[in-house]
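What the coordinates show
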Amino acid sequence: MKANINTHRSLSSFTWTEVTNAASWSVRGNAQVVVYDNKIYIMGGGTNDVWSSADGATWNQVTGSASWSSRSLFASVVYNNKIYIFGGQASLRVGDVYSSDDSGVTWNQVSALASWGTRQGHSALVYDNKMYIIGGAGSSYLNTIYTSTDGASWTQISGSIGWSGRNYHACLVYGSKIYVMGGNSGASVHNDVWHSIDGGVNWIEATGSAGWSARRGHTGIVYDNKIYIMGGWTVGSDVGGGVSLNDVWTSSDGGVNWIQAFVAADWNIRSGLSSVVLDSQLYVMGGGGVNDVWALIDQPTGEPTGQPTTQPTGEPTGHPTTQPTGEPTGQPTQPTSQPTTTPKTFRNSVQQHVGDVSSQVMEDMATVQEGMKSGIKGLKYALKELFHREL
């Protein structure tokens, strides 16, 4: 997944907004999402359909039945103006490669069985103008890495791969490095972070225990010049048990240190979710048992969503607020458009507004206290002067 670099901003002003609670595509998890031709594409996830959207809210079905079999736990990239999909879990594990150069309408089988074999829960990305297949599970948990420039011929990378074989992990490119984060190795679930600066030949462990809990089925992405880890599934205290997550963590130093941006995002707990960046906007969608779409929105402090800016009474704005009766404005009256507000977005707006008001009250109290201190100090000084004069 290609890094999206924006100006660094504080997450304190960000909030999650539900773009749609029921997209046109069906409930699914472990699907693949890419950006192609300035649209979001979601593919598979127990199906073989393809959908596209320019805004995350309105979706169009590109095809209801692609030529590749229904599958989940596969991987996908956009490379040389084509969408590629790799392997995954169909009725059995598969190791095929398909590509489309017409926005997912038709698909060509590039390879029936790539040299990296059948695998599921693997990752794919583009680095140094090559496609990469990283990790996954076949007959065992894998830490093998393969590269290709055409999807048909693959070369295995031989080197010092320090991280253990795994699937359900997150992979991305941040700066000039490839990252592998978390994942599942059977009885072990990881929260380690590894990176390679030489195309996957040698790996360095950024941390063996990140701030976020060990997990699998999470999503990782680069946004706002930070690495994001979101959601997933973590082990529970009972044997074989576990719990899905909806926390959000970020790192701006290459995965060494992590900040918990959201203890619990507004979207519900889930694993097998997908994330993507389109037009500098971060989206999260799907996962176990849902077909919703959420966007991370920047709400500048002091400007709550949907609340008009009110001018203090008696302070002119520089523009008349009331048109004298009987005097035409020269402009036709436009009907007022009221934005649709959901309970969740309203709650977010209220919470933001309350936080802003609380902050302002605290600042005002501090100002009053400083004023009182100055007044008392001045009074003491005046009394002292008066006392000396009386003497």
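The rules we used
- Residues numbered from 1 in each chain as written.
- Predicted model: local features only at pLDDT ≥ 70, side-chain atom pairs only at ≥ 80, totals over all residues.
- Heavy atoms only, no water.
- pLDDT = per-residue confidence, 0-100.
- Contact = heavy atoms within 4.5 Å.
- Pairing = 2+ DSSP bridges.
- Helix = DSSP H or I, 4+ residues; strand = E, 2+ residues; numbered from the N terminus.
- Axes fitted to C-alpha atoms, helices over the stretch in contact; angles between N-to-C directions.
- Phe/Tyr/Trp six-rings, centres within 6.5 Å; stacked < 30°, edge-to-face > 60°.
- Buried < 20%, exposed > 50% of the residue type's maximum accessible area, 1.4 Å probe, protein only.
- Lys NZ or Arg CZ within 6 Å of the ring centre and 35° of its normal.

This next bit is on the confidence of the model for the chain. Of all residues in the chain, 72% have pLDDT values of 70 or greater, and the mean over the chain is 82. Taken together, the stretch residues 1–8 has pLDDT below 50 and engages in 24 contacts with residues farther than four places along the chain or on a different chain. Within the model, pLDDT remains below 50 along residues 377–391, and this stretch shows zero contacts once partners closer than five positions in the same chain are excluded.

Reading across the sheet, the four strands line up as β10-β11-β12-β13 and stay open at both edges, with antiparallel pairing between neighbours. Each of the sheet's edge strands pairs with one partner strand only, and the pair in question is β10 (123–127) and β13 (155–156). Bridge analysis of strand β12 (residues 141–148) against β13 gives two bridges, and the strand direction is antiparallel. Note that in β13 the partner of Y146 across the bridge is Q156.

Think of a sheet as strands paired side by side through backbone hydrogen bonds, with each pair either parallel or antiparallel. Read across the open sheet, the four strands follow the order β14-β15-β16-β17; overall the sheet is antiparallel. This sheet does not close on itself; its edge strands, each paired only once, are β14 (170–174) and β17 (204–207). Across the sheet, the mean angle separating the axes of adjacent strands is 30 degrees when strand polarity is ignored.

Now for the packing of aromatic side chains. Taken as a whole and judged by the stated rule, the model has 15 aromatic pairs. Measuring from centroid to centroid gives 6.0 Å for Y36 and Y41, while their planes differ by 80 degrees, and the two rings are edge-to-face. For Y36, a relative accessible area of 11% puts it in the buried group. We classify Y41 as buried; its relative accessible area is 2%. Relative to W154, the ring of F86 has its centre 5.8 Å away and its plane inclined at 85 degrees; by these criteria the two rings are edge-to-face. One end of the pair, F86, is in strand β7 (residues 82–89); the other, W154, is in the loop between β12 and β13, and 68 residues separate them in sequence. Taken individually, F86 and W154 each receive the classification buried, so the pair is uniform in this respect. Three or more aromatic residues joined by ring pairs make a cluster, and in this case those are Y79, Y84, F86, W116 and W154. Directly above the aromatic system of Y168 lies the positively charged group of R216, at a separation of 5.4 Å from the ring centroid. When the ring centre of W233 is taken as reference, the NZ or CZ atom of R216 above it lies at 4.2 Å.

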